[in-house]
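If you want the building blocks of each chain, they are given just below.
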Amino acid sequence: QNILKVIGPLFLDDLRAEFEHLRSLKSGRKARLTDFHAKLSSLSFFDPACGCGNFLVIAYREVRLLELEVLGELHAGSDQLELDVSVLSRVDVDQFAGIEIGEFAARIAETAMWMMDHIMNNRLSLSFGKSYLRIPLKKSPNIQHDNALRMNWEEALDPQTCSYVFGNPPFRGHQFRDKDQQQDMHLVWGQSGQVNRLDYVTCWFHKATEYMLKNPKIKVGFVATNSISQGEQASILWAWMYPKNVRAFFAHRTFQWQSEAAGRAAVHCVVLGLMIGDPDQCSIFDYPDVRSEPVVAKATRINAYLINAPHVLVPARTKSPYGYPSLFQGSKPADGARLKKPEGGYVTTSNLILDPEEHEKALARSPEIKKWLRPYIGGKELLSGEIRWCLWLKDITPHEIKASAEIQNRLDRVRHGRLKSPTASVREFAETPWLFTQDRQPNSEYLAIPEVSSETREYIPMAILPPETVGSNKLLIMPDAEPWIFALLTSAMHMGWMRTVSGRLESRYSYAPTIYNSFPWPELTDKHKADLEKSAQAINTARAKYKDTPLGVLYEPDVMPADLRKVHTANDKLVDRIYRKGGFNSERERVEHLFQLFVERAAPLEAGGKSKGS
């Protein structure tokens, strides 16, 4: 089923549609079907990461099944006893090529193709009542045992004869690649710029693009990790492909690829169909849930974020929108020290930050430190409700430091750790160990957004925190955020933008200031702001009923209270109507509208890689 999501819109659906048209013709039908049969036998298929041949085998099966229907139409009513079945089938395994790095897997792929050939020959025999065997085997699939990223693909299949490239290349993020895979990345992408941030799978997109440029009639369909259509990866990859006139003509947005292999984890994937030049029409397959069946929509284009919207790339903007408050990371202590354990080995200690257990022990030892302790909240703590503590010593005097052995000991370790830091700016702070190396704590209430949040939540849980609560560098903070901003940021509109342009940590949402900075804000009247403020109050009132429930649990979709969901739904509709009087029927519609606004207002990066403005 998953393989058909690739080969269906890549070539099979069009071939079947063409066949259905030809079989319905009133005149010239047989000649046209004969030509169509010849066309099937002229196509060439190539999987440059073929593994054990699953994609090739299924593609071969489907083309043979279509051929069988063609033969049924061509020979309907013929005397089967007079038919020579040995010349009926013209589609053969030598139309299929692949590259596989594992020798055993390559040989399995080759054998599997012959096995499928045998199965389809049996189907042909049953259909026409005569036994048909291709023995001895005269033709072979061309399966190359090699590293697809280090060999010339033309050695596997001449691009001038290739029709379609497809497959499921390996995924591997930059932090998980082994030495050989890192060398592969350098060979394909080079080492300059941000290309090392790309997923390993993008190497096949690079090679496929170069391959297509040698024959622009080739079409490509690859499964990929959904990270390549999100955040910085989408910008880096498509900034390279757009100028080469590469366009997507179909796409499956994020879905869960379930492997039938024992013990294999489900992976969140996308499928991209690529071609050279602008397609006449595109298809976007959207998934209401990653495990559901897709809903297909026709589109005029598909951009880097798999949306029917202009071919623009969202830049990593560092400045907040004009007239809006800034969003930035919280404070960072850099307070660790590597200490030798009595039993051997080392342990890294945190000295200005105390977990709940250490907090109790430290207070029991030294009650005088209580005045310097403040709640310390990062994204994890905001969601879980568990509080860590920090020693906030900005106003401490030398006398007060000397009066507390607990504080002295901790500051000695901080000084020791900072002096050993490879970062020069951290080493400089060894002289003032009582200060955080990055102090961004506001003096007033602030909006707090967790840096990382589960992809299962419809909304990223946000909260207003008092100035006495120190926000960590794993929390994004916005001082003096007015309630109407909270209502907009926690809306389905903003969440749709976030899901489209954000990066991911594994599959979790990774929120960043650039998401906020690039967000196309609506044009707001005073009434809009007043209505949004009431909506924000309604959300916070509903939350207050569940103050003992952690915020992260409160927003889990399967347990989210009905009254909280109701006020969020009302807020979504309110924000939708501010953007467009008639509202929106889906997240895809919302994001398409936002991209159009982005093009009109935000001076984006164009498809050719040139900036319209800063």
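Residues numbered from 1 in each chain as written. Predicted model: local features only at pLDDT ≥ 70, side-chain atom pairs only at ≥ 80, totals over all residues. Heavy atoms only, no water.

### A look at the confidence of the model for the protein chain
Detailed reading of predicted coordinates is not advised where the pLDDT is low.
Here's step 1: The predicted model of the protein chain has a mean per-residue pLDDT of 90, with 92% of residues at 70 or higher.
Here's step 2: This stretch, residues 604–614, has a pLDDT under 50; its non-local contacts, to residues over four places away or in other chains, come to 23 contacts. (pLDDT = per-residue confidence, 0-100. Contact = heavy atoms within 4.5 Å.)

### Quick word on empty space enclosed by the protein
Here's step 1: Applying the stated criterion to the full structure yields 1 cavity of 30 Å³ or more.
Here's step 2: In this structure, the largest cavity occupies an estimated 30 Å³ of space.
Here's step 3: Along the walls of the largest cavity sit Arg64, Glu67, Leu68, Met120, Arg123 and Leu124, which together make up its complete lining.
Here's step 4: For the lining of the largest cavity, the elements supplying multiple residues, two or more each, are α3 (54–74) and α4 (103–128).
Here's step 5: Here the lining of the largest cavity is composed, by residue class, of 3 nonpolar, no polar and 3 charged. (1 Å grid on protein atoms, 1.4 Å probe; cavity = no way out; pocket = protein on both sides within 12 Å on 5 of 7 lines; lining within 4 Å. Points joined across faces, edges and corners; volume = space filled by probe spheres on them. Helix = DSSP H or I, 4+ residues; strand = E, 2+ residues; numbered from the N terminus. Nonpolar A, V, L, I, M, F, W, Y, C, P; charged D, E, K, R; others polar.)

### Thoughts on the sheet that holds strand β1 (residues 45–47)
Here's step 1: Spatial ordering of the open sheet is given by β3-β2-β1-β4-β5-β7-β6-β8-β9, a layout of 9 strands whose pairing is mixed. Two strands lie at the open edges of the sheet, namely β3 (142–145) and β9 (295–299), each paired on one side alone. Each strand axis lies, on average, 20 degrees off the axis of its neighbour in the sheet, ignoring direction.
Here's step 2: As paired strands, strand β4 (residues 164–167) and strand β5 (residues 219–225) are joined by 4 bridges and run parallel to one another. Across the sheet, residue phenylalanine 166 finds its bridge partner in β5, namely glycine 221.
Here's step 3: Running at roughly 160 degrees to strand β6 (residues 246–257), helix α1 (residues 2–23) makes contact with β1, β4, β5, β6, β7 (267–276) and β8 (282–286) of the sheet. (Pairing = 2+ DSSP bridges. Axes fitted to C-alpha atoms, helices over the stretch in contact; angles between N-to-C directions.)

### Considering the pattern of salt bridges
It is possible for side chains bearing opposite charge to pair when their charged atoms get close.
Here's step 1: Within this structure, the stated rule accounts for 34 salt bridges.
Here's step 2: Taking the shortest distance from any N to any O, the salt bridge between glutamate 67 and arginine 64 comes out at 3.4 Å. Residue glutamate 67 and its partner arginine 64 are located together in helix α3, separated by 3 residues, close to a single helical turn. For the pair glutamate 67 and arginine 64, one class covers both residues: buried. (Salt bridge = Lys/Arg side-chain N within 4 Å of Asp/Glu carboxyl O. Buried < 20%, exposed > 50% of the residue type's maximum accessible area, 1.4 Å probe, protein only.)

### A look at the sheet that holds strand β14 (residues 373–377)
Here's step 1: Here 4 strands make up an open sheet; going across it, the order is β13-β15-β14-β19 and the pairing mixed. The outermost strands of the open sheet, each flanked by one partner alone, are β13 (353–354) and β19 (470–471).
Here's step 2: Judged from the 4 bridges that link them, β14 and strand β15 (residues 388–391) form a sheet pairing that is antiparallel. Residue pairing across strands places leucine 373 opposite leucine 391, the latter belonging to β15.

### What about the side chain of threonine 202?
Here's step 1: Mapped onto the elements, threonine 202 comes out in helix α6 (residues 202–213).
Here's step 2: Its relative accessible area of 0% is what places threonine 202 among the buried residues.
Here's step 3: A polar contact is formed between the side chain of threonine 202 and the backbone oxygen of aspartate 199, at a distance of 2.6 Å.
Here's step 4: Beyond its immediate stretch of four places on either side in the chain, threonine 202 contacts Trp189, Ile228, Gln233 and Leu237. (Polar contact = N/O pair within 3.5 Å; in protein donor to acceptor, adjacent residues only side chain to side chain.)

### Considerations on the packing of helix α14 (residues 492–501) against helix α19 (residues 587–601)
Here's step 1: Running from amino to carboxyl end, α14 crosses α19 at an angle of 80 degrees, the nearest separation of the two axes being 9 Å. With respect to α19, the axis of α14 lies roughly perpendicular. Packed against α14, whose contacting residues are Ala492, Met493, Gly496, Trp497, Arg499, Thr500 and Val501, the element α19 presents Glu587, Arg590, Val591, His593, Leu594, Phe595 and Phe598 at the interface.
Here's step 2: A class-by-class count of the residues in the contact of α14 with α19 yields 8 nonpolar, 3 polar and 3 charged. (Parallel < 35°, antiparallel > 145°, perpendicular 65-115°, else oblique.)

### Describing the layout of surface pockets
Here's step 1: The calculated volume of the second largest pocket comes to roughly 1100 Å³.
Here's step 2: Contributing to the lining of the second largest pocket are 35 residues, with Tyr287, Pro288, Asp289, Arg499 and Glu587 lying nearest its centre.
Here's step 3: Secondary structure elements with two or more residues in the lining of the second largest pocket: β6, β7, β9, α14 and α19.
Here's step 4: Residues belonging to the lining of the second largest pocket are distributed by class as follows: 12 nonpolar, 10 polar and 13 charged.

### Comments concerning the environment of aspartate 199
Here's step 1: With respect to the helices, strands and loops of the structure, aspartate 199 is situated in the loop between α5 (179–189) and α6.
Here's step 2: Residue aspartate 199 is classed as buried on the basis of its relative accessible area, which comes to 5%.
Here's step 3: In sequence terms aspartate 199 and arginine 177 are 22 residues apart; their C-alpha atoms lie 9.2 Å from each other.
Here's step 4: At 2.9 Å, the side chain of aspartate 199 and the backbone nitrogen of valine 201 are in polar contact.

### Digging into the packing of aromatic side chains
Here's step 1: Applying the stated criterion to the full structure yields 30 aromatic pairs.
Here's step 2: Ring centres of phenylalanine 11 and phenylalanine 166 lie 6.1 Å apart, and the angle between their planes is 35 degrees; this geometry places the pair in the tilted category. Of this pair, phenylalanine 11 sits in helix α1 while phenylalanine 166 sits in strand β4, and the two are 155 residues apart along the sequence. Phenylalanine 166 matches phenylalanine 11 in its accessibility class, with the two residues each being buried.
Here's step 3: In this structure an aromatic cluster arises from ring pairing among Tyr305, Tyr324, Trp484, Trp497, Tyr516, Phe519, Trp521, Tyr579, Phe595 and Phe598.
Here's step 4: Directly above the aromatic system of phenylalanine 249 lies the positively charged group of lysine 219, at a separation of 4.9 Å from the ring centroid. (Phe/Tyr/Trp six-rings, centres within 6.5 Å; stacked < 30°, edge-to-face > 60°. Lys NZ or Arg CZ within 6 Å of the ring centre and 35° of its normal.)

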